[in-house]
Amino acid sequence: MEFGLTREQQALRAEIDAWLDEVSPLVGESLGTEIADFDAAQTFTRLLAKKGWLAPSWPRQYGGMEATPMEQAVFAERYAYRRAPTGLTIVPIGLAGPTIIHFGTGEQKRRFLPGITSGETVWCQGFSEPGAGSDLASLQTRAVRDGDSYVVNGQKIWTSFGHLADWCVLLARTDVEAPKHRGISYFLLDMKSPGITIRPLLNLAGAHGFNEVFFDNVRIPSENLLGEENRGWYVATATLDFERSSIGGTAATRRTLDDAIAAARAGAFPGFRQARTRLADLIIACEVGQWLGYRVAWLQGTGAIPNYEASVGKLFATELAQRAANTLLDAAGMGGQLRTSDGRAPLNGALPEEYMHLVSMTIAGGTSEIQRGIIATRGLGLPRG
């Protein structure tokens, strides 16, 4: 692996930053992946679509750029560092769209992909359930075939942006007699369908991003089945494989640290200056995390499938983010607890928001325990048990 960006990748990085300078007055900045300002997130998504940058990894025939994995990593890094409001792109661009491209019929591609690449439709993911999180294959939501449709009953939880979404990628059990990894089907669900009830779940910071979603005899037309009936688990695992390296998380942490260092140099918050040794350690760790993320992209660029390497990056980035948030909140003293509504708050109130938001990051996308298990067995070759 070459430890450095090529001249072309450096030029792309500069172009992204210049464009973000242009559009930042229209969309501002966001903290974490929660959508505090839906209008800003939607505006940014549509600006990306107009620029042609909304789906960099997609094939050109579907509105993408066919960007290399390293180019995709550059996009992710700059968006995260600049706190661009990218929350609405996560499911449609990173998960739903690629899965439709890979498994969808010609009609499904014509029907769903244009709305995604234009930024017009909002998507959510209906995977997790109260009793099926890390063990997703234990899901119990049922879909029973009835003529030309499926009737769905059950519940999903932690459905990010479900209250804003037009469509949902949904997993439901269609054969209760089959082993748990079989008998699951993958659907494209219209969130305006009768029988859907959405209840908000507020996070520690009081933000509404998560939801629990209930299905009471909800009908899904059979043409909205993606892939084969009872083969949805294999479609779902492909969906999860489309998730990228964790370089965005490391870049977001680096931005917060840079802001703290700038404040310390300005003499605004003495606690940050007193914590300079710890801040230096965290900056070094951010450099490590950045190159772990780039390594995943580099491996993808060679045609390899990163496995434990992606787990290393995810584990490192999320635990680093929590460590950085804890360090800065502690260094800021009592004033660090002030929220965004108080003009005296260090870093415009980012510290408590990030600290609370980041609690879930070592759980979401696969817990740290799961990542360590993957690293141990697939990376180090250690025995199970």
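Everything discussed here concerns the structure shown above.
All figures in this text were calculated on a predicted structure; none of them were measured in a lab.

Q: Explain the side chain of Thr159 here, please?
A: Residue position: Thr159 is located in the loop between strand E3 (149–156) and strand E4 (167–173). A residue is classified by how much of its surface remains accessible, and Thr159, at 1% relative accessible area, is buried. If near-sequence neighbours (up to four positions away) are discounted, Thr159 is found in contact with Cys124, Gln125, Gly209, Phe210, Asn211 and Val213.

Q: Help me understand the packing of helix H1 (residues 7–27) against helix H2 (residues 38–51), please; the structure alone is not making it clear to me.
A: How two helices sit against one another is set out by the angle between their axes and by the gap between those axes. It is at 11 Å that the axes of H1 and H2 come closest, and there the two elements cross at 140 degrees. It follows that H1 is oblique to H2 by the angle criterion. Every pair of crossing elements has a handedness; the one defined by H1 and H2 is right-handed. Facing H1, whose interface residues are Glu15, Trp19, Leu20, Val23, Leu26 and Val27, H2 presents Ala40, Thr43, Phe44, Leu47, Leu48 and Lys51.

Q: Whenever I open this one, the pattern of salt bridges confuses me. Can you help?
A: Between side chains of opposite charge, pairing is possible as soon as their charged atoms come close. Overall, the coordinates contain 20 salt bridges when judged by the stated rule. The salt bridge partner of Arg82 is Asp17, with a shortest N-O separation of 3.2 Å. One end of the pair, Arg82, is in the loop between helix H3 (69–81) and helix H4 (90–103); the other, Asp17, is in helix H1, and 65 residues separate them in sequence. Of the two residues, Arg82 and Asp17, neither departs from the other in class, the shared state being buried. With its nearest N and O atoms 3.0 Å apart, the salt bridge here joins Asp258 to Arg254. Of this pair, Asp258 and Arg254 both sit in helix H7 (residues 247–265), 4 residues apart, which is roughly one turn of the helix.

Procedures and definitions
- Residues numbered from 1 in each chain as written.
- Predicted model: local features only at pLDDT ≥ 70, side-chain atom pairs only at ≥ 80, totals over all residues.
- Heavy atoms only, no water.
- Helix = DSSP H or I, 4+ residues; strand = E, 2+ residues; numbered from the N terminus.
- Buried < 20%, exposed > 50% of the residue type's maximum accessible area, 1.4 Å probe, protein only.
- Contact = heavy atoms within 4.5 Å.
- Axes fitted to C-alpha atoms, helices over the stretch in contact; angles between N-to-C directions.
- Parallel < 35°, antiparallel > 145°, perpendicular 65-115°, else oblique.
- Left-handed = near helix turned anticlockwise from the far one by under 90°.
- Salt bridge = Lys/Arg side-chain N within 4 Å of Asp/Glu carboxyl O.

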